[in-house]
Each structure stands twice: as C-alpha cells, then as structure tokens.
Amino acid sequence: MSLPRSPRLVLSLALVAVPFAGSVQAQGFPPPPVPPENQITAAKTNLGKTLFWDEQLSASGTVACATCHAMEFGGGDPRTAGSVHPGPDASFGTPDDIRGSRGIIGTATDLSYVTTALFDLREQVTSRKALPVINAAYNGLQMWDGRATGRFVDPVTNTVAIQNGGSLESQASGPPLNTIEMAHAGTTWSELAAKVRDARPLALATNLPATLDAWIAGRSYPQLFQEAFGDNNVTARRILFAIATYERTLVSNQAPIDAFRQGNPAALTPNQQRGLQVFNGLGPRCNTCHNEPLFAGPGFFHLGVRPINEDLGRGAITGQPQDNGRFKVPSLRNVGLRAPYFHNGGKATLEEVVDFYARGGDFRTQQSNIQPFPLNPQDRNALVDFLRNGLTDPRVAQGQAPFDHPTLFTRSNRAPRLYGTGTAGSGGRVPRLVAVEPPVLGNPNFSVAMEQGLGGAPAFFLFDMASDPLGLQTLLGARIWLGFTVALTAVEIGGLQGSGNRSGWQSMAFAIPNDALLDGAAFFAQGFAIDPGAPQGLSATGGLEVRFFAGR
Ligand code: HEC
Ligand code: HEC
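Residue positions are given per chain, counted from 1 along the sequence in the order it is written. Ligands are numbered from 1 and chains lettered from A, in the order in which they are written. In keeping with the predicted nature of the model, local features appear solely for residues at pLDDT of at least 70, side-chain atom pairs appear and are counted solely at 80 or more, and the whole-chain, interface and lining totals rest on all residues. Excluding hydrogens and water, the side-chain figures rest on all heavy atoms present in the structure.

Caption draft 1: Inspection of the site of ligand 1 at higher detail. Think of it this way: one heavy atom of a residue within 4 Å of a molecule or strand is enough to make that residue near it. As a structural note, the neighbourhood of ligand 1 is formed by 31 residues, with Cys65, Cys68, His69, Met143 and Lys328 the closest of them. In the analysis that follows, any N or O atom pair within 3.5 Å is treated as a polar contact, provided that within protein one partner can donate a hydrogen and the other can accept it, and provided that, for residues neighboring in sequence, both atoms belong to side chains. Note that an oxygen atom of ligand 1 is positioned 3.3 Å from one of the side-chain N or O atoms of Gln142. In DSSP terms, a helix is any run of H or I states spanning at least four residues, a strand is any run of E spanning at least two, and both are numbered starting from the N terminus. Those elements that provide at least two residues to the shell around ligand 1 are helix H3 (65-68), helix H4 (167-172) and helix H8 (236-248). With 3 residues, the top contributor of residues to the shell around ligand 1 is H4.

So this is what it looks like as structure tokens:
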C-alpha cells in the first residue's frame, strides 16, 4: 500500500475527505451478511446466547465464551491486563510477555489437574489478546491471523456445512476443544454434545435477562434445540450454528460517530470532531486501514508491535514470508472499553497506542506498513478523545440489549474464596490452595488442590465447618484459619508432586451430593506440608471458603 509523505498534503486531503465520507455514511450501517445455510431466527439467537454464557461448556465449569468476551468491555476480556503469558522465551517478567486471556488449569482426560510447563497449576493464558465478538459478524476471516475462514466444516461429520460466510461457525469450533481455553485433554465433540444435552441450561449463572429467562422457561437443552432446529438432537453443528447466530446479533451501531454521520453535528464534541479529522488526515491516515463504518479493515499489516520472529501472525497461515508479522486490522468500535491494546496486549492505554503510531512503531523493518509522523499535543488529545468516546456504543458499555446477559458463576459471589495468609516453607515459597470450580450440588468432580509447596513433602488437608477469620492459632508454627470444631477432618494427600525449584503440588476431587439440605452450607479448608524449610517444620496455605449452591 502507498503511504502519505507529507503531513501538510495529508491534512489538506482530509479536509476534502471528511464531508465526502459523510455523504457515503448517510447510507447507514447495514446488518451483517448471513450464510444461507444458517439463517437467523429468534430461537437460534436465544439458544446461542444461552450456550455462549454457559460455563458448563468447559471441563471445569469455569469458562464460557463470555468469560473471555465480556460485553461491557467491548466484547474483549476485562482480565487481560492481569493475565500474563511468558511469551516465546517462556520466562515471566521479560519484554516479550503477552497479555492474554485466562482459560482453564491443565486438566487430564480423567478431569484431574496436571501442571503445565508454563503455568504450573494456575489457569493457562492464551498467547494473544482476545478480539471482540461484537461486530465480528462483519469479518470475512476471524482471528488475528485470519485462520478461521468462511468455509465451515462440521467437526464431527467432516462435511462442508457452510460454503461461504461461515467464519463465525469455523471460529466457534475451536475454543470448546482447546485445552488451554475450555477443554480437558482428549475432549471430543460427541462427548461435549452429550454433556450439553444433559446439562440444565445456564445452571451456574444468575441474573438472567428477563427475556432470556422467559424463553428458556425451565426447559432442558434438548427442548431448546427442538424449538431452534425442529428436533431435539444436540449436535456439534447445531451448537456452533446457534452460537454464531447469536454473534450475528451483536451489532453495535449506536456510537456517537453514528449519530454524527446521520447528520447530528452535536453528537461529537468539537474536540472529538478534531480527533476524527486527525484520524482521517494526519500521519499514516488511520482510515486507510481502519475503514468506516466498522473502523476495521480487510487485509493484514505489520506495524512492528514486536519483533517479527516472536509471532509470525498471518505468515504462519499463508506460508508467505511477506505476511510474517502481519496481523488483522481490528475494529476500533468500543475500543475505549478494550484496553490493553494490540495482539500482545502490550500497550496499556490509547495514549500509548497513538504515541506508538507517531514514532512509526517499536520494531521497524523494511516491511513496516506505518511511518513516523509529527503529532502536536492538541491533536494527540483530540485523537484519543475521539477513539475513547466517539466510538463507544452506550448499550455495549452498559450491557443493554442485545448486549444484556446473565452473571457468570466465576464473576458471582458463589466462587470459592481464599482468605488469610499462608506460612512459607522451603525457598520462601508460600503454599497456596487452588479451588475455582463451581461447588454446585451434584457436581461429580469438585477439585481442591495445593501448589507452591515443597516437592516430595508429605502433605494433608484439613476440612472444617467453621473458620477462624483472624488465624489466631498456630500448629507447629503454621497459622491456622479453621474453627477447630468437632467436624475437623484431616485428609492425607500423599507426597507433593514435583521437585527442585518447581512448585510441589497435589490435587484431589470429590463429588458434591445432590442433596438440597446442603444448599448454602459452607466448608473451610487449609493445606499443609511437612517441610524442613518452614519455621517449625510445617508450611501451610491460607484458608479456603467454599459454599455449596443449588444450580438454576
Ligand atoms: C480463554 C479465553 C477465550 C475463550 C474461552 C473464548 N475465546 Fe474467543 N478469542 C480469544 C482469543 C485470545 C482470541 C484471539 C486469538 C487469536 O487470534 O489467535 C479470540 C478470538 C475470537 C474471535 C475472533 C474475532 C475477530 O475479530 O477475529 C471470535 C469471533 C471469538 N473469539 C468467539 C468466541 C466464541 C464463540 C467462544 C466460545 C465458543 C470463544 N471465543 C471462547 C479468547 C477466548
Ligand atoms: C497500515 C495499516 C494501519 C494504519 C495506517 C493504522 N492502523 Fe491501527 N491497527 C492496524 C493493525 C494491523 C492493528 C493490529 C496490530 C497488532 O496488534 O499487531 C491495529 C491496531 C490498532 C489499535 C488497537 C486495537 C486493539 O483492539 O488492540 C488501535 C487503537 C489503533 N490501531 C488505532 C489506530 C490509529 C489511531 C491510527 C492512526 C494514527 C491507526 N490505527 C493506523 C493497522 C493500521
């Protein structure tokens, strides 16, 4: 592509370009294309919304599509800034670290936890930042490297289910079997479809939107599939068709820029209008890649966010060297809600992004598609104001229909809670309890694990019906956070796995009886390891509170 040479020339171009763009936009913002094989219906949309928000689609009951794609955060992941992948060098705290999305703890076929090389017993993190699902229906190709294409192949029958325009269906087939995002090792589609068939829709969620609740109306998944597809078979294809249909309704077209383009000049403040001119005019002319009305682009470009060899991006898909280091042009709608930025989540604010563009990128090569340009403080401020406020649809920011949604279990106060502090052992490491799964009545596999202990050390858990929130007592130098009631029970968990400098860990799982009397009952737990490096030979975790609940 050709890039502008002189800022002055570009600015004068922009002054002509702005009114012209206005007349083009008077045509409005058309609905997204829909593949003929998967027409939109209200039932499919509602079913897709139910599935998209259902954490039961993951092995752990902790990850739904919505976990990494939150509406109030522009369809991106609000946890990104705090979710670190160590990058290609595999070590944390170095410049190639990536801010991604947290999925599940490494999980074996039998649902027991396993440590992973990069994340031990913590939730694994994706090696790229999540892209927004809002307005994704307009993308011909999905993902930063465009690897999810419009030809959708049914993952069970291996036949082409959609010839063209099925990139959302193609994309959705990935995460449910991905062992970093949602799945235990060896998950198959037939297993997952059977799990959906037998699950109560959104059993783990709360605060369902009234319209969704009224549509589900206490029905089972087979009954919902019956309404959406004509019979009650729950199949992979139907799950993916429904999710994609829901995504096709996530169109945000009520930002200030839309009212402005429809002829209301007051919809953007004078400063934001100045920002829009800068966007279309200065430097690399943002709009050559981020086209209205989506402020997205076709094509893939190399900006020099990171050195090319760290992530080949589009090049790894096409095999073409000139595509190395190129990434898709993400839509800038709702971008103010989606920090941090770029495929590696490497820029914390829009100010940092704009400064990055003004200096022509951080890792410039012959192949860079942007050039440095001068930017005065007023224009910088105006551009950021436009990006942050002019492109945000208030229905997205406030979670209003069609962006309304249930509350996930993991974002509710039903999630198990850690409290108190641990007592350090060898190497100064403080053992930690891990309990993230839903303590829902009838859960056949509720896991409690301990990590960061001394590898090989004999270890045990204590369970109790009451806590000591002050941790006043000690046992062999370790602070105790349990109430020491008559219910106190010790469970030996054997020697901790792992050795050397790696975290020593062990996990156990038990079934939670499907007994209504347990609803609301709590238990408290703590883990201990016999460790010569602890003050008096016993290291300990802090406390854990788990409160049982009945699913919807
Ligand atoms: C653990 C977090 C996580 C989960 C769970 C997850 N995603 Fe994503 N999603 C991501 C990340 C990260 C990317 C970008 C990955 C890449 O491009 O390599 C992404 C990309 C996408 C995109 C591409 C958007 C675009 O502009 O190209 C869509 C659509 C999407 N996800 C939908 C879904 C759906 C549907 C589900 C559930 C079936 C889902 N995601 C589950 C993290 C997640
Ligand atoms: C040559 C094409 C091109 C031009 C010109 C361009 N961009 Fe981009 N933009 C991209 C690509 C490609 C990405 C993703 C890059 C990556 O993550 O590696 C991106 C990402 C972004 C992001 C981050 C979005 C997110 O969700 O992480 C913002 C914000 C942005 N651009 C704003 C701008 C602004 C402001 C300008 C003008 C100063 C501009 N862009 C000019 C191609 C371009």
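Further notes follow.
Caption draft 2: Highlighting the packing of aromatic side chains. Two aromatic rings, drawn from Phe, Tyr or Trp (for Trp, its six-membered ring), form a pair once their centres lie within 6.5 Å of each other, and the interplanar angle then sorts them: stacked below 30 degrees, edge-to-face above 60, tilted otherwise. For the structure shown, the criterion picks out 25 aromatic pairs. Considering the side-chain rings of Phe356 and Tyr357, the 5.7 Å spacing of their centres and the 85° angle between planes classify their relative orientation as edge-to-face. Both residues of the pair, Phe356 and Tyr357, count as buried. Arranged with centres 6.3 Å apart and planes meeting at 80°, the rings of Tyr419 and Phe524 form a pair that is edge-to-face. Here Tyr419 is found in strand E7 (residues 417-419), whereas its partner Phe524 is found in strand E15 (residues 522-530), with 105 residues between them in sequence. The buried category is assigned to Tyr419, whose relative accessible area is 9%. Members of the aromatic cluster, each reached through a chain of ring pairs, are Phe446, Phe461, Phe463, Phe510, Phe523 and Phe548. To sit over a ring, a charge needs its Lys NZ or Arg CZ within 6 Å of the ring centre and within 35 degrees of the ring normal. One residue, Arg314, lies across the ring of Phe300, its end atom 4.5 Å from the ring centre. Relative accessible area decides the class of each residue, using a 1.4 Å probe on protein chains only: under 20% of the type maximum gives buried, over 50% gives exposed, and in between gives partly exposed.

Caption draft 3: Inspection of the coordination of the iron atom of ligand 1 at higher detail. Its sole protein donor being His69 (NE2), the iron atom of ligand 1 sits 2.1 Å from that atom. With respect to the helices and strands, His69 occurs in the loop between H3 and strand E1 (84-85). Distances decide who is a donor: an N, O or S atom must be within 2.8 Å of the metal, or within 3.2 Å for Na, K and Ca. Water is not included, so sites may look incomplete.

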